Every structure is written in C-alpha cells, then in structure tokens.
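Okay, here's what each chain looks like letter by letter:
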Number of protein chains: 2
Amino acid sequence: MQRYKKDLDYSYALGTELTLEALKKRPSDVLNVYVHSKQNDNKIYQEIDYLAKTNNIEIIKSDKAFNIVNAKENCYIMASIKKFSNPIEANKNHVVLVNPSNMGNLGSIIRTMLGFGIYDLAIITPAVDLYDPKVIRATMRAFFLLRFNFYNSFEDYLKENPGRNIYPFMLDGKEKLQNVKKQELYSLVFGNEATGLDSSFQQYNSVYIEQLDTIDSFNLNNAVSIACYEFTKDKLKL
Amino acid sequence: MQRYKKDLDYSYALGTELTLEALKKRPSDVLNVYVHSKQNDNKIYQEIDYLAKTNNIEIIKSDKAFNIVNAKENCYIMASIKKFSNPIEANKNHVVLVNPSNMGNLGSIIRTMLGFGIYDLAIITPAVDLYDPKVIRATMRAFFLLRFNFYNSFEDYLKENPGRNIYPFMLDGKEKLQNVKKQELYSLVFGNEATGLDSSFQQYNSVYIEQLDTIDSFNLNNAVSIACYEFTKDKLKL
C-alpha cells in the first residue's frame, strides 16, 4: 500500500463508518481492511470483521498503514477500495459540476444531493479528484450510493444525455430560483468556484439565487444545496 | 507581530480583497497593512495605499510577515486588525449557532447569511474562534458587515433577546421547513456539527429539513444556507 495519489487505481475509506459503509454497499470493491492496535473490540468492529470475513477480504493489523495515508488521530479502521465506476442514469435528474476545484466542497455537495434524492453527478473535467480520500470522507456515507460520470466538455455531456431540461446557475441568470418552472428530467449545472459558468450557458434556462450585494456570490456548496432543496421540495420519495 | 493565536487582541485579514474591505468598512480597526515584495503596483494596491495613508495606517513592506502568519502562496497584501466588536441588534432577525466547531463552516455560514440579509449572529460558546484568520478569509468580505455576540448559554441569549420567535433546526423537528409559519422577529438556531441540538429545544417551534435516509444529516453550513434561503425568500430588500 502507499500514500494516496491520483494515478493509483485504488483509494481509501478512512474511519469506521466509511469502512462499514464500503463493506455493506460495495463489498466486491473493498481490497483490504486495516485495523490499528488502538481499535477496541467493540460492536462496530465486530460487524466490520464479520463482513470482511464473509466477503473474503483480508484484515491487516498495522499501525504503520495509518501513518502512510496520513489518517487523522482517531482513525483506527480504514479500507482500501478499488476506484469503482457507477455510471449516471439518463432517466434521472442530475447535478452537473463544471470544473469544481475544492475537495471539501465536492464532498459536501455529494452528501447534500444524495440527501435530496439526486443520485447522479456529472463532472466536467478538469476537476478535483473525486476519489481523493478527503472527498470520500466529506461525503460521509453518501459516496457509496453516488452515480457519477466524467466528461471532457459540457457538449460531451449533452451528447450522451440528450433531451434534458438544462438549468445553469449564474449570477446573471434569467429567472429567480423560486419562480423558475421546474421540469423533469432536469440537470442543475454549476460552474467553477472562482469563475462560474461562461455566458454561453445563457442559451439554456439560466437561474439565479437572489442575494444582496453584501457578498460577491454564495459558496458553491451552498448554492448547490439551495438549488437541490428547491427543486426536490415536496417531491422526495421517503 | 506574531503568528495568530486565540488570545491575541488582533487578527489578520489575508489577501488584497479582505484588506481593501477592512480599510473601507472598519478603517479605525486596521492596525497595519503589510505588503510583500512580489506585490505589483496595480490599481487595487494603489487604492489600498491611498486608503491606508488617508487613515494614518502604517504600510509595512516585509516578506517575513507573510511567513509568520503562514499566508498562502499568492497572498501579497494583508492587514492586522483589532478584534473589534459589533453587537447584534435586538430588532433584527438572527442566526444562532450553538457550539459550532468547524472554521470553514463558520466562515461560509457568515458569507451566506449576509447574502440573505441576516446580519446578526449569536454564538453560544464553547465555539470555534470567530476571529481566526481562516474564518475571516472564508467569509470573504462579509466579515466586516457582520454583527455578532457571544453567550455562555442559550438561556443567556434569550435573556438578552426576549420575545423572539425561536426556530431550532433538528432532525426530529416538529414542522417541515417549507410549511413552517415564518414570523419575524426570528432566531434560526442550529446545533454543533456532530451532536446537533438537545431535546430541550423541542419546546420551541422546532423545524426539520426533509431528507432521505441516504445520509445521516446535512452539513451544518448547508442546513443554515437552506434555512436562510427559505426564511428570506421573496423578502430581500435589494
């Protein structure tokens, strides 16, 4: 094993909760489970131990492994996981992020969109590394339910996902979020943290979140959250 | 000058934008402006230079200062600023954060609430340090407009701010956010990132943001954003 790098074909789920979730949701993608000598023989550990053995996954007792991945102080269990793919579905609503650059933002966006029942994320590259352990950690357990694709351009995304209602979020969008007619199947599209979306996106149903000029714009993560809330409100299938 | 610590009576505004904003909004609280040798003599620098001189603030040319505060690579201008106070107003709507523990979250919450025209933040301690340069930076320029108070308990907050409509956000809140009757003057109350609010807050108009069980809860920052959006929607005084 080695420290995480973008070109590795595996990543790490750090911590008890994430490891358990990986074993439950994607057992065939879990390579190894690592356990630190400080881990207690508690109930959640026993569940992890049981699931690993059931799936023929080796449990490696090693303190050094946690140093290698630079795990946080209280992280005593982790799993190495294959960089699996789980493609988006054309007949579902999507979030599309154009060149997202912040790992914490990306993880938190994934957590929130899954909370609102939007499981499908299209990422237009270049973008921050979705598989980075920091992103996975920030999604909490949502990562293992996410469907995701990468595209080189928004045009490539449209080609593979035709006939959708495209709602780009722009500071100079045409319609206010609460007033916009929300038609399925939709794609909620957001630009890079610093630069937003370019004006070519005005050809679609561009949307703005009304704000005062006390700030330049909302944080990307917050803008996506508000958008997902408003688009899914009263439609969640609980 | 020295590296930032919680018990200093000043903090730092890191970067050109924040320094400019500090000089514009709170010139009497700016102690010094620091300029790195790599800073160009551009328009924004000239504005900072002009405002500093107008307000008799010393401009110190020092590369070492940027090492001391551990500034990011592209940060070539910064200001040391007094830890000013700017008390909340009783006749305005408030956000109340009970024991917030994450700096990035806090900064981003401030940015978003200001964007929605909620200028008043009550923080129930213990809490992350509002004056930490990382928090200030994450607020973007919103920090210098914020009104804020610290309280040792929610009871202390209520004592000083009586007769308000209290909306605690809880996973097991009584009313769904979109359905709740939103009455001014309101206090939107949120618990700590990990532990939320305790059940004693059920005595007020507790609110929940509907979500699927794909996640445990929304990120605090996102929950506050969604709440502020829904409470201020169509009421912003632009």
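Residues numbered from 1 in each chain as written. Chains lettered and ligands numbered in written order. Predicted model: local features only at pLDDT ≥ 70, side-chain atom pairs only at ≥ 80, totals over all residues. Heavy atoms only, no water.

Quick look at the side chain of N222 of chain B now. Mapping N222 of chain B onto the fold places it in helix α7 (residues 220-232). Here N222 of chain B falls in the buried class, since its relative accessible area comes to 0%. A polar atom in the side chain of N222 of chain B sits 2.9 Å from the side chain of N221 of chain A. Apart from the residues within four sequence positions on either side, N222 of chain B is in contact with S108, T112, N221, N222 and S225 of chain A. (Helix = DSSP H or I, 4+ residues; strand = E, 2+ residues; numbered from the N terminus. Buried < 20%, exposed > 50% of the residue type's maximum accessible area, 1.4 Å probe, protein only. Polar contact = N/O pair within 3.5 Å; in protein donor to acceptor, adjacent residues only side chain to side chain. Contact = heavy atoms within 4.5 Å.)

Another aspect to go through is the domain arrangement of chain A. In many analyses, interface size is given as the accessible surface area lost on bringing the parts together. Residue and element names in this part refer to chain A. Assigned domains within chain A: domain 1 (10-82) and domain 2 (94-232). On a C-alpha basis, the centres of domain 1 and domain 2 stand 31 Å from each other. Domain 1 puts twelve residues into the contact, and the matching count from domain 2 is nine residues. Between domain 1 and domain 2, a total of about 970 Å² is buried, with carbon and sulfur atoms accounting for 72% of that surface. Looking at the side of domain 1 that touches domain 2, the elements with two or more residues in it are β1 (10-14) and α1 (16-25). Along the lines of polarity and charge, the residues of the side of domain 1 that touches domain 2 split into six nonpolar, two polar and four charged. (Domains from an automatic or database assignment. Buried area = accessible area lost by both parts, 1.4 Å probe. Nonpolar A, V, L, I, M, F, W, Y, C, P; charged D, E, K, R; others polar.)

Let's shift gears to the sheet that holds strand β5 (residues 94-98) of chain B. All names here are of chain B. Across the sheet, which stays open at both edges, the five strands sit in the order β7-β6-β5-β10-β8 with parallel pairing between neighbours. Single-partner strands in this sheet number two, and they are β7 (147-151) and β8 (165-168). Sheet twist, expressed as the mean angle between neighbouring strand axes with direction ignored, is 20 degrees. Summarising the sheet, β5 and strand β10 (residues 186-190) pair through four bridges and their orientation is parallel. The partner of V95 across the bridge, within β10, is L188. The strands touched by helix α4 (residues 103-115) within the sheet are β5 and β6 (120-124), with β6 carrying the most contacts at an inclination of about 155 degrees. Sheet strands touched by α7: β5, β8 and β10. Its angle to β10, the strand with the most contacts, is close to 160 degrees. (Pairing = 2+ DSSP bridges. Axes fitted to C-alpha atoms, helices over the stretch in contact; angles between N-to-C directions.)

This part covers the pairing of β10 of chain B. Residue and element names in this part refer to chain B. Burial within β10 is extensive, with five of its five residues counted as buried. Judged by which residues are buried, β10 turns out to be covered on both faces: Y186, L188 and F190 on one side and S187 and V189 on the other are all buried. Here β8 pairs with β10 via four bridges, running parallel. Counted as the bridge partner of I166 is S187 from β10.

Attention now goes to the pattern of salt bridges. Residues and elements named next belong to chain A. Counting across every chain of the model gives 24 salt bridges over all chains. Across the salt bridge formed by E21 and K25, the nearest N and O atoms sit 2.7 Å from each other. Of this pair, E21 and K25 both sit in helix α1, four residues apart, roughly one helical turn. Taking relative accessible area as the criterion, E21 reaches 6% and is therefore assigned buried. Relative accessible area serves as the criterion here: at 37%, K25 is assigned to the partly exposed category. (Salt bridge = Lys/Arg side-chain N within 4 Å of Asp/Glu carboxyl O.)

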